[in-house]
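One letter stands for each residue in the lines below.
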Amino acid sequence: MEFTAKQIAELIGGRIEGNENVAVSTFAKIEEGKKGAISFLSNPKYTHFLYDTESSIVLVNDDLELEHPVSATLIRVKNAYEAVARLLQLYEQMKPRKKGVDSTASIAASATIGKDVYIGAFAVIGEGSVIGDGTQIYPHTVIGDGVKVGEGCLIYPHVTIYQGCRLGSRVTIHAGSVIGADGFGFAPNTEGYDKIPQIGIVIIEDDVEIGANTCVDRSTMGQTVIHRGVKLDNLIQVAHNCEIGENTVMSAQVGLAGSTKIGSWCMVGGQAGFAGHIQVADKTFVGAQCGVISNTKGNGEQLIGSPAMDPRQFFKSMAVVRKLPDIYKELNDLKRQVAELSSK
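If you're wondering where the values come from, they're calculated on a predicted model, not measured in any experiment.

> Break down the overall build of the chain for me, with residues and values.
In terms of regular secondary structure, the chain is built from three helices and 39 strands. Taken over the C-alpha trace, the chain has a radius of gyration of 27 Å; the compact-globule value for 344 residues is 20 Å, which it surpasses by more than 25%. Seen along its three principal axes, the alpha-carbon backbone of the chain occupies a region of about 95 × 65 × 30 Å. For the chain, the proportion of its 344 residues judged to be buried stands at 41%. Excluding contacts between residues fewer than 6 apart, the proportion of contacts in the chain whose partners are at least 24 apart in sequence is 17%. Averaging the locations of the 32 positively and 38 negatively charged side chains of the chain gives two centres separated by 4 Å.

> Break down the sheet that holds strand β35 (residues 273–274) for me, with residues and values.
With respect to topology, ten strands assemble into an open sheet ordered β9-β12-β15-β18-β21-β26-β29-β32-β35-β38, the strand pairing being parallel. Two strands bound the open sheet, and with one partner strand each, they are β9 (106–107) and β38 (291–292). The pairing of β9 with strand β12 (residues 124–125) spans two bridges and is parallel. Note that in β12 the partner of isoleucine 107 across the bridge is isoleucine 125.

> Describe the packing of aromatic side chains, naming the residues involved and giving the relevant values.
By convention here, two paired aromatic rings are described through the distance between centres and the angle between planes. Counted under the stated rule, the structure contains seven aromatic pairs. The interplanar angle of 75° and the centroid separation of 5.5 Å between the aromatic rings of phenylalanine 27 and tyrosine 91 together place this pair among those described as edge-to-face. Residue phenylalanine 27 is located in strand β4 (residues 26–27), and its partner tyrosine 91 is located in helix α2 (residues 80–94); the two are separated by 64 residues in the primary sequence. A residue is classified by how much of its surface remains accessible, and phenylalanine 27, at 26% relative accessible area, is partly exposed. The rings of Tyr118, Tyr138 and Tyr156 are connected pair by pair, giving a single aromatic cluster.

Rules used in this analysis
- Residues numbered from 1 in each chain as written.
- Predicted model: local features only at pLDDT ≥ 70, side-chain atom pairs only at ≥ 80, totals over all residues.
- Heavy atoms only, no water.
- Helix = DSSP H or I, 4+ residues; strand = E, 2+ residues; numbered from the N terminus.
- Rg over C-alpha atoms; globule rule 2.2 N^0.38 Å.
- Buried < 20%, exposed > 50% of the residue type's maximum accessible area, 1.4 Å probe, protein only.
- Contact = heavy atoms within 4.5 Å.
- Lys, Arg positive; Asp, Glu negative; His and termini not counted.
- Charge placed at Lys NZ, Arg CZ, Asp CG, Glu CD.
- Pairing = 2+ DSSP bridges.
- Phe/Tyr/Trp six-rings, centres within 6.5 Å; stacked < 30°, edge-to-face > 60°.

Here it is, written out as structure tokens:
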């Protein structure tokens, strides 16, 4: 399917510089551009590729100032990154959606399957489960008993959703993720540990995306809740009774201990860790490998380091840490001098 620069500009509210009739049928990175492709430029580090790219169309920011002529047709927009995201979403929506139930799928007689649903090979749908209209369940996925899945969800291969969990509409769960496994609950005794039954569920609200091999544990009692619009990367651990606020995003390998409450619109870098039973305020920025061990102060706070601290305090501390070998040597010299003076 081809689109002209004029059609694309109308879709995203852009301004054309060049041939409005040039057509494209695919996407390409600006450094790997080719004829018939559309690229984008948002990071200034890649500006030099603009002058040599072979892409037919390039999305650029309104304020970009050209230093040399370009052969590509430019479409100027307020934010090129957001514009290409919109185009990619439209491109994805135009792909034909799978429908139908594979003959090898196992569907309980008491399950309810909506309209235009796809259920792939060897998928399992448990007793009393409900699958909403237009949802796609890929091969080897297991939906446990009593699970409710909303409309337009996309559940990739080898996902496991344990009994009783509830998903809203337009939820995407990538391959290998596990929703609703037991939380890590054990009570020590004289001979070892007694398992604490985890009798709660997981609730995932609308428009959530969960990356590959991410685990969201069921609660001891009540619910573990992932609120609307949350985006979780691959390899994230969300422990029992946690709650993640609306539109919060987390990069890979983040770990949440039990009963952690994360606010709305937070941004969490890769490998950050959170102690249990703490509350993180709305709009908190948590840097990569940060260790958050207590409640945060309020909206807009930025944290880095472990234990987590204000960036200015962190960098001051690191400046001292780099000097510790010299400080240690000076301290030993002073101790030796004091000892010599004392002996006299």
